[in-house]
Amino acid sequence: MSSPSKRREMDVMKLMMSDYKVEMVNDGMSEFYVEFHGPRDSPYQEGTWKIRVELPDAYPYKSPSIGFVNRIFHPNVDEMSGSVCLDVINQTWSPMFDLINVFEVFLPQLLLYPNPTDPLNGEAAALMMRDREHYEQKVKEYCERYAKAEDIGRRPEEESSDEELSDEEDCMSSDEEMAGHADP
């Protein structure tokens, strides 16, 4: 067994032994779901999300792909695909980080400190910059509608594909992306 293989198994086992619920997709340890709760003292605190994690063959030297399965209203998460724009995962990943860091530090920080200047969800970014109170109310509405613990077990309407998980290219913003998506 090679060193990246041992490290992958160790990190997945450490995550499984923590307080997180982990659901393996197949017999390998390269794809799984993790139940993630929004951080306290934030508009996301009532939310529970199913996070899809894919570990590349080169993990931990290459970052995991992370995506929200159920919907979330956040400037740095694509509302429809769930892909995440997070520099530490997409650009500055280091083998010193592990999966526990992703769920105990990186994702909570993303939810606590959104970056509306580099959005994947232009509507959320614009609302956050224009009217913080209305933005937080919409976040809470999405938590109530899409991120209840009982929603976690439900099958998503469409399966995510590799392109929909966090990728470096997804973080590049343009003026067209600022327009956002129409309200459902």
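Remember, predicted model here, so these are calculated numbers, not experimental data. (Residues numbered from 1 in each chain as written. Predicted model: local features only at pLDDT ≥ 70, side-chain atom pairs only at ≥ 80, totals over all residues. Heavy atoms only, no water.)

*Asks:* Describe in detail the UniProt feature "active site" (unreviewed entry) in the protein chain, supporting the description with residues and values.
*Replies:* Sites flagged by UniProt as "active site" (unreviewed entry) map to Cys 85. Structurally, the position occupied by Cys 85 is in the loop between β4 (65–68) and α2 (87–90). (UniProt positions renumbered as here; feature names shortened; annotations may be inferred. Helix = DSSP H or I, 4+ residues; strand = E, 2+ residues; numbered from the N terminus.)

*Asks:* Tell me about the pairing of strand β3 (residues 48–54), and name the residues and values.
*Replies:* For β3, the tally of buried residues reaches seven of seven residues, placing the bulk of the element in the interior. Residues Thr 48, Lys 50, Arg 52 and Glu 54 line one face of β3 and the alternating positions Trp 49, Ile 51 and Val 53 line the opposite face, and both faces are buried. With seven bridges connecting them, strand β2 (residues 31–37) and β3 associate as antiparallel partners. When the bridges of β3 are listed, Phe 36 appears paired with Trp 49. By the bridge criterion, four bridges tie β3 to β4 in an arrangement that is antiparallel. Bridge pairing links Glu 54 to Ser 65 in β4. (Buried < 20%, exposed > 50% of the residue type's maximum accessible area, 1.4 Å probe, protein only. Pairing = 2+ DSSP bridges.)

*Asks:* Break down the sheet that holds strand β1 (residues 22–24) for me, with residues and values.
*Replies:* Either a parallel or an antiparallel arrangement is found when strands of a sheet pair, and the pairing is made through backbone hydrogen bonds. Ordered by their spatial adjacency, four strands build an open sheet running β1-β2-β3-β4, and the pairing between neighbours is antiparallel. If you trace the sheet from one side to the other, it starts and ends with β1 and β4, each paired once. Strand-to-strand twist across the sheet, computed as the mean angle between neighbouring axes with direction ignored, equals 25 degrees. Relative to β2, β1 runs antiparallel, the two sharing three bridges. Looking at β2, one finds that Val 22 is bridged to Val 34. (Axes fitted to C-alpha atoms, helices over the stretch in contact; angles between N-to-C directions.)

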